[in-house]
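Fold and geometry: a report
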Amino acid sequence: MTTSRKLIAILEDDTGMRRAVERLLRISGYRTRAFASAEDEGVAECLRTVYCMVVDVQLPGLRGPVFYQTLPHPRPPAVFVTAYGNEATRNEIWCAGGRELLTKPFLGSDLLSAIERAAQERT
């Protein structure tokens with residue numbers, strides 16, 4: 001499967017993590033748009049055409065799961081990432097409509113697999 005035209009939106013406030021995820025996705029053949037928060041300019045327009053989103057749970061301002069719940073249906077698939085992969089966080093993601101959660105640090109291969117699983121749930 002070719003990923004060269006598939007756009008992934010990255011919402012991550014940690015600059016180092018955001019850049020690392022961008023690099024991984026780009027070398028894996030995806031196009032990326034990265035944002036430091038859900039309120040950044042261009043987020044709404046970008047989400048209209050994304051294949052999948054990678055969303056930090058602990059975003060500044062509007063938290064990742066809360067932001068995801070505000071999106072109109074059909075929402076793009078999402079992979080949530082967090083440093084706090086506990087039961088409360090998993091429940092929050094599930095209630096927001098998310099199904100994929102990775103705990104930092106995670107392997108690049110795990111992120112790529114989670115993106116494909118999330119995208120498959122859309123179809």
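Residues numbered from 1 in each chain as written. Predicted model: local features only at pLDDT ≥ 70, side-chain atom pairs only at ≥ 80, totals over all residues. Heavy atoms only, no water.

The next subject is the pattern of salt bridges. Here the structure, examined in full by the defined rule, presents six salt bridges. A salt bridge links lysine 104 to glutamate 12; the nearest nitrogen and oxygen atoms lie 3.0 Å apart. Taken together, the residues span a long stretch of sequence, with lysine 104 in the loop between strand S5 (100-103) and helix H5 (108-122) and glutamate 12 in the loop between strand S1 (7-11) and helix H1 (15-27) at a distance of 92 residues. The closest approach of N and O atoms between glutamate 92 and arginine 63, which form a salt bridge, is 2.4 Å. Of this pair, glutamate 92 sits in helix H4 (residues 87-96) while arginine 63 is found in the loop between strand S3 (52-56) and helix H3 (64-70), placing the two residues 29 residues apart along the sequence. Among the residues examined, glutamate 92 registers a relative accessible area of 26% and is labelled partly exposed. (Salt bridge = Lys/Arg side-chain N within 4 Å of Asp/Glu carboxyl O. Helix = DSSP H or I, 4+ residues; strand = E, 2+ residues; numbered from the N terminus. Buried < 20%, exposed > 50% of the residue type's maximum accessible area, 1.4 Å probe, protein only.)

What the five strands build is an open sheet, ordered S2-S1-S3-S4-S5; its pairing is parallel. With partners counted over all chains shown, the strands left at the sheet margins are strand S2 (31-35) and S5, one partner each. On average, adjacent strands in this sheet sit at an angle of 20° to one another, irrespective of strand direction. In terms of strand pairing, S3 meets strand S4 (residues 78-82) through four bridges, oriented parallel. Paired with methionine 53 across the bridge in S4 is alanine 78. Along the sheet, H1 contacts S1 and S2; its crossing angle with S2, the most-contacted strand, is approximately 170°. Strands S4 and S5 of the sheet are contacted by H4, whose axis makes an angle of about 150° with S5. (Pairing = 2+ DSSP bridges. Axes fitted to C-alpha atoms, helices over the stretch in contact; angles between N-to-C directions. Contact = heavy atoms within 4.5 Å.)

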